[in-house]
2 protein chains.
Amino acid sequence: MPVISFQPSGKNIEAKAGSNLLEVAREAGVEIIAPCGGKGTCGKCIVRISSGNVESNSLGILTADELAGGYVLACKTQINDTPVTVEVPEQIARKGGKFTSSEEDCGLIREELFPHNWQFDPLALKWCVSVAEAKLEDGLSDLDRLSQAIQKDWGKNEVVYSFEVIRKVADTIREDNGNVTITMIREPGRSHIIGIEAGNKTEQHYGVAIDIGTTTVSVQLIYLPDGKVVGTQTDYNDQITCGLDVISRINYAAKAGNLEELRKRILDTLNKLLAKLETMHHIESHDIYNAVISGNTTMIHLLLGLTPEYIRLEPYTPTILQAPYLTASEVGIDINPQSWVYLSPSVGSYVGGDISAGILCTDLATDSEDLSLFIDIGTNGEIVIGNCDFMMTCACSAGPAFEGGGIKCGMRAALGAIEKVEIDPKTADAKYQTIGDVKPKGICGSGMISLLAKLLLTGWIDPAGKLDRSRPSKFIKIEKRSASYIIVPAEESDNGKEIVINEVDFENIIRTKAAIYSACSLILNQVEMSFDDISNIYIAGGFGRFLDLEMSITIGLLPDLDRSNFKYIGNSSLMGTYMVLMSQEFREKQLDIAKRMTYIDLSSDPKYMDQYMSALFLPHTDKSLFPSVKI
Amino acid sequence: MPVISFQPSGKNIEAKAGSNLLEVAREAGVEIIAPCGGKGTCGKCIVRISSGNVESNSLGILTADELAGGYVLACKTQINDTPVTVEVPEQIARKGGKFTSSEEDCGLIREELFPHNWQFDPLALKWCVSVAEAKLEDGLSDLDRLSQAIQKDWGKNEVVYSFEVIRKVADTIREDNGNVTITMIREPGRSHIIGIEAGNKTEQHYGVAIDIGTTTVSVQLIYLPDGKVVGTQTDYNDQITCGLDVISRINYAAKAGNLEELRKRILDTLNKLLAKLETMHHIESHDIYNAVISGNTTMIHLLLGLTPEYIRLEPYTPTILQAPYLTASEVGIDINPQSWVYLSPSVGSYVGGDISAGILCTDLATDSEDLSLFIDIGTNGEIVIGNCDFMMTCACSAGPAFEGGGIKCGMRAALGAIEKVEIDPKTADAKYQTIGDVKPKGICGSGMISLLAKLLLTGWIDPAGKLDRSRPSKFIKIEKRSASYIIVPAEESDNGKEIVINEVDFENIIRTKAAIYSACSLILNQVEMSFDDISNIYIAGGFGRFLDLEMSITIGLLPDLDRSNFKYIGNSSLMGTYMVLMSQEFREKQLDIAKRMTYIDLSSDPKYMDQYMSALFLPHTDKSLFPSVKI
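Residues numbered from 1 in each chain as written. Chains lettered and ligands numbered in written order. Predicted model: local features only at pLDDT ≥ 70, side-chain atom pairs only at ≥ 80, totals over all residues.

## A few points about the overall build of chain A
A count of helices and strands for chain A gives 16 helices and 29 strands. In summary, chain A has a C-alpha radius of gyration of 27 Å against a globular reference of 25 Å for 631 residues, a match within 12%. Judged by the C-alpha coordinates and their principal axes, chain A covers about 95 × 65 × 50 Å. For chain A, the share of sequence-separated contacts (at least 6 apart) that also reach a separation of at least 24 residues comes to 68%. (Helix = DSSP H or I, 4+ residues; strand = E, 2+ residues; numbered from the N terminus. Rg over C-alpha atoms; globule rule 2.2 N^0.38 Å. Contact = placed C-beta atoms within 7 Å.)

Below, the structure written as structure tokens:
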């Protein structure tokens, strides 16, 4: 079989004649982004054949120049029976590219928003019991005596044991004179015993709250005896290379073996984050007996290995909205294998458990009659409007721009990310602030909003997102029909390369903000209300420590309303997940929220495209909607 | 490392100096029986060192002649740093020895004893439902619609799904227009869905009833749509080589790794029997969704990998009496992995689920006020006495003689086993009848009883089990102090070798019958009753098609009572297991039986040894107890 070599990685693999180049690259461990899932519609998987010959179809996407230069779409290229060298451009590659990873937690969690005055009642609790000594005359088994000890403290609930506990019970109850610590999950009428340890081990008790986003994944480790957050780790979802949004992941999953690959990728991401937290904080994975996971419906399907195909096809039906409790070993996450995993309930195919968790952090979860609007800005944007009487929700595909996806120097809110920018009106020179006040590595969502707004206010870009070519500036580079803007010169950046944003990036950001804004308008329209009826606007998303409200309004991401109505609540999905992990009260409230929400399918609304097109300007085609924005 | 060669198998293995020879043999796959579990107390693991030298301790068990001939106790022998050749005598080896295996079912089940007029309600049932088509407007997941379809037919029970079902549901409900067959286990308030298949698969539905004895294991395959027994397979428990009775198995299990070995051995036995049934009857293992297992408490502990140590030690405490439902994949039996496995509840450490199952086949499970005695003759003998008002039970170690264990030419009731014998009073020539009317292979329990009784009645043995040396007969061979009796001359037998029984075998059989009889007397004594108070006597055991009542009384195994009071019910544990598999009514009754039984520990009764010693004669030291036996 001919050898296929990939550059610059230098990876080699043998491949049969007729093999698909994109698949060969994947087998070789070379990551080529294909957001459309290999359907040939996105034109992103461009590579260059520098030696050897292949069969390829450019589908009219590549220019004559590109074809002449040896460029092909990897997904539409077949290997012949000859060796081939393939150059993989540094386009949307994970490392050194747009999804820069970082080792640190950076304020994704706003602990000041955690609720107060709730009952501490985690999913699984640890409890010390004293098991009576065996006696010939009572005819009781070890398990009988353990059950009696548990029922003495916790009432006559039926006690049910996991097999692993049964296997350990005889030796464990004899190790420390009958003193054992059990780990227990209480359901109505039934107590499930999922752990047993000799002696008092109630202090060795941890839980994890997990938020699985399409682009970004966060894992939070909690010390359960006092509910304190020990640490949070965030990274990109390792599924990114299989498609940037949920639809391309679903397309990718359709091919044999790919669903399992996607499942393994997200488990890999989670288990690496877990391992990092355990190492950093010196804890053992078997002491983690609690896990709650929230994510959009597609992410949960992929995590569980459920075919997501019917989410994409009309009538958009998920396999499950509310998963049963599963064990950690069934799911595949590396905590105590007997631990039960609780999954936040989904509302529908496009509004998931991340939203039912996020709503817990808002007035929508209270008895308030005031109308609230909840906007979760992620790769999928989800919007909820309502009060104690009703809740409507919709979703839109915002894209991963604000998380660093599809933006040349984009990154998520992590150490070294530019989060705030000032622009010199005369020179276009940028002053910037980075997370952690270190040398800049890239720009995160809040930085992009700040940058775009400041360039707009200083006139360096126009409402269509085009850079001003009429005024010379050393920070603006014009190449053919496209221009780019240098935020950070090479000598100031972390890796010695310029941090640059171009007009294609601006387009991506504008598309994202347009999707969010038009979805908000449309859902209000559908419930026959307007922005003026809203009392509270909750903004959620992974923007890091802060989101510049004024600038968000300036670019038309958020509506031009009384500033005091807005609340930025950060990663509300993760916070809500923490609440669900810690309290039965919130688990019940979340189920109620998920059931009460009505999903509206925006894509079937004929006004959707009009609204979206009108929002593709800064701040909006209809300037009267943004009276306070002076440009 | 030196090479250790075993003869006649020709197996070789390298072993470190200092290794224990018994363990080296096991590693090499050479089976040497060690009933005491390698403690050096039974003196059964005798092998001959034909070349090389070893360190050995004969513990005074071996004679000077034996030591001179190179004989050693394998369990007390260490390898030196030199190669060794070991001859393993054909003593209690599994093949060609006393535990002859057979390929056929031979009447262990007496279907005429199956109950009538009970409600057909197997553990898991298959049911066809029609799932409504997905609709955009109803917001229901696939699982929601499946639950609705199930609840329509089965009421508002909560529906709980196993993870594997959730993973299959989306594609399965779309394969045949929403027509699916679910496999369901109904508990109060909850229906567990453990299987889903497209279309109507209700006809592909099987169950297995399993009886795990210390010596003999039986698996019965049942076609659930009509409850018919498809086939039964029986074999020796592969744990035999680790000890012949429960105590030696428990001793064996104490060493690191051995418990897991014992677990694997019984799973191996079960899975081979299952595979044989599946092949013979052309069924797929995934169509077996029901399993009930009965066995004595130790066997169940070993099957589940639970440490049995505390069963042996005062106060004799098992880990569990009633196991929770476990899945087939947890237990390790090769049927549908999602299948729930139900284990018959035990009464105590020495009276197990085989007895709570067996009692179901008797009047003890009815409202009768008549006093019944139930005697289960196995390697462990268990006795139950009672009526609708009370039930007392005890156990005794009878030994495996009647199942072929410890008897030179013994075998279980299988094809070719001698099951009945007539003796010529003058010549001592035996006329025999074999199971299947084929050439004889060995002698089973019913044959032993018949043989012993006829030899006694014709005077060829005396009440102590010694052969008559005064009358010459070509069927009696006298060697030194021991004599043996040729049942079948070499030319008539299946393998061309004589079938012989010797005085040591007679002793073993007499010990077995003495243990059973004295336990019966003793428990009656404890409840202040006598044999005359008994209305029904149920005899259970793996004797094959029949047990000769008259001959059983003649040797003093059974009491000399009105013959019409006796009922031979065969393998009642397997039959009861079938009943439990087929009906919720019997599952409940069995639980009630297990709870109601009171266990009496005979070993603490000072009269036990006296009673036992008195019973070590044929029929008994006190002949007045057997007035109808004329010898």
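## Considering unusual backbone geometry
All names here are of chain A. Omega for the peptide link from glutamate 314 to proline 315 comes to 0°, which places this bond in the cis form. On the secondary structure map, proline 315 appears in the loop between helix 8 (309–312) and strand 16 (326–327). Across the junction of leucine 618 and proline 619, the peptide omega takes the value -10°, indicating a cis bond. As for its placement among the helices and strands, proline 619 is situated in the segment after helix 16 (608–614). Of note, the phi angle at aspartate 437 is positive, near 50°, even though the residue is not glycine.

## Side note on the interface of chain A and chain B
Counting residues at the interface gives 33 residues for chain A, matched by 33 residues for chain B. Counting residues per element, the ones that place at least two in the side of chain A that touches chain B are helix 3 (142–154), strand 9 (158–161) and helix 4 (163–175) of chain A. Residues belonging to the side of chain A that touches chain B are distributed by class as follows: 19 nonpolar, 7 polar and 7 charged. (Nonpolar A, V, L, I, M, F, W, Y, C, P; charged D, E, K, R; others polar.)

## A look at the pairing of strand 1 (residues 3–7) of chain A
Residues and elements named next belong to chain A. The two faces of strand 1 differ: Ile4 and Phe6 on one face are buried, but Val3, Ser5 and Gln7 on the other face are not. For strand 1 and strand 2 (residues 12–14), the ladder comprises 3 bridges, and the chain directions are antiparallel. The residue of strand 2 that forms the bridge with serine 5 is asparagine 12. Between the end of strand 1 and the start of strand 2, which pair antiparallel, lie 4 residues, with glycine 10 showing a positive phi angle near 75°. When strand 1 meets strand 7 (residues 84–87), the two strands line up parallel, connected through 4 bridges. Of the residues in strand 7, the one forming a bridge with glutamine 7 is glutamate 87. (Buried ≥ 20, exposed ≤ 12 C-beta atoms within 10 Å, placed from the backbone. Pairing = 2+ DSSP bridges.)

## Examining the domain arrangement of chain A
Residue and element names in this part refer to chain A. On domain assignment, one finds that chain A holds domain 1 (3–87), domain 2 (125–198), domain 3 (205–343) and domain 4 (351–631). For domain 2 and domain 3, the distance between their C-alpha centroids amounts to 31 Å. Domain 2 puts 7 residues into the contact, and the matching count from domain 3 is 6 residues. Contributions of two or more residues to the side of domain 2 that touches domain 3 are made by strand 10 (179–187) and strand 11 (190–198). (Domains from an automatic or database assignment.)

## What to know about the environment of Thr458(B)
All names here are of chain B. Position of threonine 458 among the secondary structure elements: in the loop between helix 11 (445–457) and strand 24 (476–479). Taking the C-alpha atoms as reference points, threonine 458 and aspartate 424, 34 residues apart in sequence, are found 7.6 Å from one another. In this view, threonine 458 contacts Ile423 and Pro425; residues no more than four positions away in its chain are not counted.

## Here we look at the packing of helix 3 of chain A against helix 4 of chain A
All names here are of chain A. In the contact formed by helix 3 and helix 4, the axes pass within 10 Å of each other and the chain directions differ by 80°. With respect to helix 4, the axis of helix 3 lies roughly perpendicular. Side by side, helix 3 and helix 4 meet where Asp142, Leu143 and Leu146 of the first sit next to Ile166, Val169, Ala170 and Ile173 of the second. Across the contact of helix 3 with helix 4, the residue classes break down as 6 nonpolar, no polar and 1 charged. (Axes fitted to C-alpha atoms, helices over the stretch in contact; angles between N-to-C directions. Parallel < 35°, antiparallel > 145°, perpendicular 65-115°, else oblique.)

## Looking at helix 3 (residues 142–154) of chain B
Residue and element names in this part refer to chain B. With 13 residues, helix 3 should cover 18 Å at 1.5 Å per step; its first-to-last C-alpha distance of 18 Å lies within 8% of that length. If you check which residues of helix 3 are buried, you get Asp142, Leu143, Asp144, Arg145, Leu146, Ser147, Ala149 and Ile150. As for helix 3, its buried residues are in contact with strand 8 (125–130), strand 9 (158–161), helix 4 (163–175), strand 10 (179–187) and strand 11 (190–198). Just downstream of helix 3, glycine 155 is the residue with a positive phi angle, here 80°. (Expected span 1.5 Å × (residues − 1).)

## So, the relation of the copies chain A and chain B
Take chain A, turn it by 180°, move it 0.1 Å along the axis, and it overlays chain B with an RMSD of 0.2 Å. What the superposition gives is, in effect, a two-fold axis relating one chain to the other. No C-alpha of chain A approaches the rotation axis more nearly than that of Gly189(A), which lies at 5.4 Å. (Least-squares fit on C-alpha atoms with pLDDT ≥ 70 in both.)

## Considering the environment of Lys426(B)
Residue and element names in this part refer to chain B. When you line up the elements, lysine 426 lands in the loop between strand 21 (417–423) and strand 22 (430–434). Overall, the presence of 9 C-beta atoms within 10 Å leaves lysine 426 in the exposed class. Taking the C-alpha atoms as reference points, lysine 426 and valine 72, 354 residues apart in sequence, are found 42 Å from one another.

## Some words on the sheet that holds strand 25 (residues 482–488) of chain A
Residues and elements named next belong to chain A. The strand order across the open sheet built from 3 strands is 24-25-26, with neighbouring strands paired in antiparallel fashion. Each edge of the open sheet is held by one strand with a lone partner, namely strand 24 (476–479) and strand 26 (499–502). The average undirected angle you get between the axes of adjacent strands in this sheet is 30°. Taken together, the 4 bridges between strand 25 and strand 26 define a ladder with antiparallel strand orientation. Bridge pairing in strand 26 places serine 484 opposite asparagine 502. Against the sheet, helix 12 (residues 503–526) makes contact with strand 25 and strand 26, and its axis sits at roughly 65° relative to strand 26, the strand it touches most.

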